[in-house]
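A structural walkthrough
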Amino acid sequence: MIPIKNPEAIRRMREACAVAATVLARMKEQVRPGITTYDLDQIGRDLIASLGARSACHGYQLHSRRYPAHTCLSVNEEVVHGIGSLKRILRDGDIISLDVVVEYNGFIGDNALTVPVGAIAPRTAELLKVTEEALHVGIKQAVIGNRIGDISHAVQTFVEARGFSIVREMVGHGVGRTMHEEPQIPNFGRRNTGEKIRPDMTLAIEPMVNLGGYAVRTLSDGWTVVTTDGSPSAHFEHTVLTTDSGPEILTIPRAS
Ligand code: MF3
Ligand code: CO
């Protein structure tokens with residue numbers, strides 16, 4: 001069963017998501033050639049702390065390993081869960097995915113985006129555009145009466161029609177008091193399958209799209225997921241609230 005949030009939980013989800021979005025927007029402004037991914041992660045850590053939140057990634061446990069950084073920073077062929085490093089200096093022509101997950105007042109906000117570093121190759125620019133559009137194509141399907149598979153199918157169809165491929169191993173997810181709740185939201189699948197979408201679900205929709213093949217593998221650090229063929233990969237994510245009047249994106253920076 002997909003959890004349904006009560007009004008208090010929704011109120012807190014709004015706040016957590018606004019914090020996550022604010023951190024992401026400010027980190028994005030700091031991306032430039034010459035900065036290390038370690039420095040970007042430290043900027044994220046400081047922003048999260050200054051907003052009274054906690055990184056939900058830091059210490060996150062998977063297969064007995066704890067995630068060591070505060071944000072996930074994935075460069076070029078890195079798909080997700082890249083760990084900031086002093087050795088990784090961003091260069092003109094790179095792309096970088098920033099994934100920020102915070103806990104605030106007991107609830108989680110989760111969002112991600114991919115940005116160019118300086119001037120990038122045209123097909124890579126297309127990859128970023130298509131992945132962001134795919135996120136919104138998926139969000140549009142998060143309407144009452146649809147099923148989770150309608151999101152999956154719409155994203156897959158959109159992406160594959162443009163010659164890119166969908167990562168299979170990682171999927172979107174429900175989000176609430178914990179980072180990963182039911183349901184899983186694959187970015188590939190069949191229409192009219194999976195659980196029905198009802199009002200007051202909070203869903204993290206997050207297409208991960210590769211320029212080349214869909215295969216990925218994990219590096220020996222136990223976290224960094226890369227494309228097997230070394231092709232660039234992009235990732236965009238929002239946390240969305242389902243309502244009777246359509247999906248509402250919660251991960252929007254608070255006006256300030
Ligand atoms: N947005 C990612 C997810 O939903 C964040 C993972 S945090 C990490 O899985 F701790 F695994 F790095
Ligand atoms: Co997520």
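Residues numbered from 1 in each chain as written. Chains lettered and ligands numbered in written order. Predicted model: local features only at pLDDT ≥ 70, side-chain atom pairs only at ≥ 80, totals over all residues. Heavy atoms only, no water.

A few words now on the packing of aromatic side chains. In this description, an aromatic ring pair is defined by two values, namely the gap between the centres and the angle between the planes. A full pass over the atoms with the stated rule returns 1 aromatic pair. Relative to Trp-223, the ring of Tyr-67 lies with its centre 5.0 Å away and its plane at 80°, an arrangement referred to as edge-to-face. Of the two residues, Tyr-67 is situated in the loop between strand S3 (65-66) and strand S4 (72-75) and Trp-223 in the loop between strand S13 (216-218) and strand S14 (225-227); the sequence distance between them amounts to 156 residues. Across from the ring centre of Phe-188, 5.1 Å away, lies the NZ or CZ of Arg-168, which sits over that ring. The ring of Tyr-214 has Arg-168 lying over it, and the distance from NZ or CZ to the ring centre is 4.5 Å. (Phe/Tyr/Trp six-rings, centres within 6.5 Å; stacked < 30°, edge-to-face > 60°. Helix = DSSP H or I, 4+ residues; strand = E, 2+ residues; numbered from the N terminus. Lys NZ or Arg CZ within 6 Å of the ring centre and 35° of its normal.)

Side chains of nonpolar character tend, in soluble globular proteins, to be buried together. Residues Ile-96, Leu-98, Ile-151, Val-159 and Ile-205 are the most contacted members of the largest nonpolar core, which totals 47 residues. When residues of this core are traced back to their parent elements, those giving at least two are helix H1 (7-29), helix H2 (37-50), S4, strand S6 (95-104), strand S7 (107-116), helix H3 (122-140), helix H4 (148-161) and strand S11 (202-205). Counting residues per element, this core draws most heavily on H3, which supplies 6 residues. Of all hydrophobic cores here, the second largest spans 19 residues; its members include Ala-16, Phe-107, Val-175 and Leu-250. (Core = buried A, V, L, I, M, F, W, Y, C linked by side-chain atoms within 4.5 Å. Buried < 20%, exposed > 50% of the residue type's maximum accessible area, 1.4 Å probe, protein only.)

With respect to topology, 3 strands assemble into an open sheet ordered S8-S12-S15, the strand pairing being antiparallel. Across the chains shown, the open sheet's two edge strands, defined by having one partner strand only, are strand S8 (165-166) and strand S15 (233-235). When strand S12 (residues 208-210) meets S15, the two strands line up antiparallel, connected through 3 bridges. Residue pairing in the sheet places Asn-210 in a bridge with Ser-233 of S15. Relative to S15, H3 is tilted by about 30°, and along the sheet it contacts S12 and S15. (Pairing = 2+ DSSP bridges. Contact = heavy atoms within 4.5 Å. Axes fitted to C-alpha atoms, helices over the stretch in contact; angles between N-to-C directions.)

Let us now look at H4. The terminal C-alpha atoms of H4, which comprises 14 residues, lie 20 Å apart, in line with the 20 Å expected from a rise of 1.5 Å per residue. Counting buried residues along H4, 10 of its 14 residues qualify, which places the element largely inside the surrounding structure. Buried within H4 are the following residues: Ile-148, Gly-149, Asp-150, Ile-151, Ser-152, Ala-154, Val-155, Gln-156, Phe-158 and Val-159. Where H4 is buried, its residues touch H3, S8, strand S10 (181-185), S11 and S12. Just past H4, the residue Gly-163 takes up positive phi, approximately 85°. (Expected span 1.5 Å × (residues − 1).)

The terminal C-alpha atoms of H1 lie 33 Å apart, and with 23 residues this matches the ideal 33 Å at 1.5 Å per residue to within 8%. N-capping of H1 is provided by Asn-6, with a side-chain oxygen placed 3.1 Å from the backbone N of Glu-8. (Polar contact = N/O pair within 3.5 Å; in protein donor to acceptor, adjacent residues only side chain to side chain.)

What follows is about the coordination of the cobalt ion (ligand 2). Around the cobalt ion (ligand 2), the protein contributes the donor atoms Asp-110 (OD), His-173 (NE2), Glu-206 (OE) and Glu-237 (OE), which lie 2.1 to 2.3 Å from the metal centre. Each donor residue of the cobalt ion (ligand 2) belongs to the same chain, and together they define the spacing D-x62-H-x32-E-x30-E. With Asp-110 in strand S7 and Glu-206 in the loop between S11 and S12, the pair connects residues that are 96 residues apart, well separated along the chain. By relative accessible area, Asp-110 is classed as buried at 2%. (Donors = N, O, S within 2.8 Å, 3.2 Å for Na, K, Ca; no water.)

Further remarks concern the site of ligand 1. Ligand 1 sits among 14 residues. The nearest are Cys-57, Cys-72, Asp-99, His-173 and His-180. With the chains in place, 95% of the 340 Å² that ligand 1 exposes on its own is no longer accessible. Applying the majority rule of atoms within 2 Å of the grid points places ligand 1 in the largest pocket. Tallied by class, the residues present in the shell around ligand 1 amount to 7 nonpolar, 3 polar and 4 charged. (Near = heavy atom within 4 Å. Areas by Shrake-Rupley, 256 points an atom, 1.4 Å probe, with all protein chains shown as cover. 1 Å grid on protein atoms, 1.4 Å probe; cavity = no way out; pocket = protein on both sides within 12 Å on 5 of 7 lines; lining within 4 Å. Sits in = over half its atoms within 2 Å of the grid points. Nonpolar A, V, L, I, M, F, W, Y, C, P; charged D, E, K, R; others polar.)

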